[in-house]
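What the coordinates show
Here are the chains, one letter per residue:
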Amino acid sequence: MTDKVHLGHRARKRFGQNFLFDESIIDKIVTAIDPKPQDNLVEIGPGLGAITEPVADLSGHLTVVELDKDLAQRLIEHPFLGPKLTVNQGDAMKFDFASLVKDDKKLKVFGNLPYNISTPLLFHLFEFADHIEHMHFMLQKEVVKRMVAGPGSKTFGRLSVMTQYYCNAMPVVEVPPECFKPAPKVDSAVIRLIPKKAEQRTAKSVKILNTVCLEAFNQRRKTLRNSLGNLLTAEELTSIGIDITLRAESLSLQQFIDIANWIYDNKQ
């Protein structure tokens, strides 16, 4: 069990804790974040401070959101790091990130996200896209692959569409399990997300866009005629310019937006 204890803290499975300790990987992540003293930096799940410390050294101050009460208290009481932090002990899934915007300075968000809640947490963060300059997250490698996948790929799905609707996404670095304590059973990767401007996000209803994606990819082996049958008839899909014999993975982001906007205009 000793592999689950790092720097005196036992990793808690219910919080999905895996602590990064590889210095070369940490350096690459910090370089990608590029923290500066004037930045409005926010870390989700700082844990034992592996990334927090070098970022704080370069920026002078950052805000952290940590669910684990023991880790939050440890950061507050840290003799060197504590004074450089504003610690919010709580659930990032319920946190109002817009409340951290000061003087119209957008957030630079980063973190080693718990893999068991990474997708819903990403969707929560997308809601604050207008308040965020960029994001850097450690995620399960397969999740990163899905986020950046393009049409025609077997990994292209709802997460791909919604990520790319809100952000320009690019992988930064791959991270093997042995870089963590305890080592996870999966490979990891860091992704960089740069939110698109509001005028680039042209869906009239994000809720409808998400529903279209859910229906389309729920039974991804079916053709669109069948998978979207609960939302539109074959004739309606054809009128939008959609080939009903295709599967969901063949559609572009813009085509998903077109379908959602047609539903918004005609079925509200």
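Residues numbered from 1 in each chain as written. Predicted model: local features only at pLDDT ≥ 70, side-chain atom pairs only at ≥ 80, totals over all residues. Heavy atoms only, no water.

1. Re the overall build of the chain
Our working definition: The secondary structure listing takes helices from DSSP runs of H or I that are at least 4 residues long and strands from runs of E that are at least 2 residues long, numbered from the N terminus. Radius of gyration here is computed from C-alpha atoms only, and the compact-globule reference equals 2.2 Å multiplied by the residue count raised to the power 0.38. Exposure is judged per residue with a 1.4 Å probe applied to protein chains only, and the accessible area is read against the type maximum: over 50% gives exposed, under 20% gives buried, and values in between give partly exposed. Where accessible areas are quoted, they stem from the Shrake-Rupley method and a 1.4 Å probe; at the residue level, only the protein chains shown are allowed to cover. We treat Lys and Arg as the positive residues and Asp and Glu as the negative residues; His and chain ends play no part in the count. We put the charge of a Lys on NZ, of an Arg on CZ, of an Asp on CG and of a Glu on CD.
Per the secondary structure count, the chain includes 10 helices and 11 strands. The C-alpha radius of gyration of the chain comes to 20 Å, within 12% of the 18 Å expected for a compact globule of 268 residues. With the principal axes as the frame, the chain shows a C-alpha extent of 65 × 45 × 30 Å. Relative to its full complement of 268 residues, the chain shows a buried share of 49%. As displayed, the chain has an accessible area near 13200 Å², and 49% of this comes from carbon and sulfur atoms. Between the averaged position of the 34 positive side-chain charges in the chain and that of its 32 negative side-chain charges there is a distance of 5 Å.

2. Quick notes on the packing of aromatic side chains
Threshold: When two rings of Phe, Tyr or Trp (its six-membered ring) have centres within 6.5 Å they constitute a pair, described as stacked for plane angles under 30 degrees, edge-to-face for angles over 60, and tilted for the intermediate range.
As enumerated under the stated definition, the model contains 7 aromatic pairs in all. Both rings, one in Phe97 and one in Phe128, keep their centres 5.7 Å apart while their planes meet at 70°; by these two values the pair is edge-to-face. On the criterion of sequence distance, the pair formed by Phe97 in the loop between β6 (85–89) and β7 (107–112) and Phe128 in the loop between α4 (118–126) and β8 (132–140) is long-range, its members being 31 residues apart. An angle of 75° between the planes, with centres 6.0 Å apart, marks the rings of Phe156 and Phe217 as edge-to-face. Here Phe156 is found in the loop between α5 (141–148) and α6 (158–166), whereas its partner Phe217 is found in helix α7 (residues 206–218), with 61 residues between them in sequence. Taking relative accessible area as the criterion, Phe156 reaches 1% and is therefore assigned buried. Overall, the relative accessible area of 11% leaves Phe217 in the buried class.

3. Side note on the pairing of β7
What counts is decided by this rule: Two strands form a pair only when DSSP identifies at least two bridges running between them.
Burial runs high along β7: 6 of the 6 residues are buried. Burial along β7 is two-sided: the face carrying Leu107, Val109 and Gly111 and the face carrying Lys108, Phe110 and Asn112 are both buried. Taken together, the 5 bridges between strand β4 (residues 40–44) and β7 define a ladder with parallel strand orientation. Residue pairing for β7: Glu43 is matched across the bridge by Phe110.

4. Brief notes about the packing of α4 against α6
To keep things clear, this is the line we draw: Axis lines are fitted through C-alpha atoms, for helices just across the contact stretch, and the angle between N-to-C directions can take any value from 0 to 180 degrees. In this scheme, roughly parallel covers angles under 35 degrees and roughly antiparallel covers those over 145, while 65 to 115 is roughly perpendicular and the rest are oblique. Helix crossings fall into two classes, left-handed where the near helix is turned counterclockwise from the far one by less than a right angle and right-handed where it is turned clockwise. A contact between two residues is defined here by any heavy atoms of the two lying within 4.5 Å. In this count, Pro and Cys sit with the nonpolar residues alongside Ala, Val, Leu, Ile, Met, Phe, Trp and Tyr, while Asp, Glu, Lys and Arg are called charged and the others, Gly among them, polar.
Following both chains from N to C, one finds α4 and α6 inclined at 25°, their axes separated by 11 Å at the closest point. Relative to α6, α4 is oriented roughly parallel. Judged by the sense of rotation from one axis to the other, the crossing of α4 with α6 is left-handed. From α4, Thr119, Phe123 and Phe126 reach across to α6, where they touch Arg158, Leu159, Met162, Thr163 and Tyr166. Here the contact of α4 with α6 is built from residues that sort into 5 nonpolar, 2 polar and 1 charged.

5. Things to note about the sheet that holds strand β11 (residues 188–195)
Taken in spatial order, the 7 strands make up an open sheet running β6-β5-β4-β7-β8-β11-β9, and their pairing is mixed. Since the sheet does not close on itself, it has two edges, and those belong to β6 and β9 (167–175), each with one partner. Each strand of the sheet is rotated relative to its neighbour by a mean of 20°, with strand direction disregarded. Examined bridge by bridge, β8 and β11 share 6 bridges and lie antiparallel to one another.

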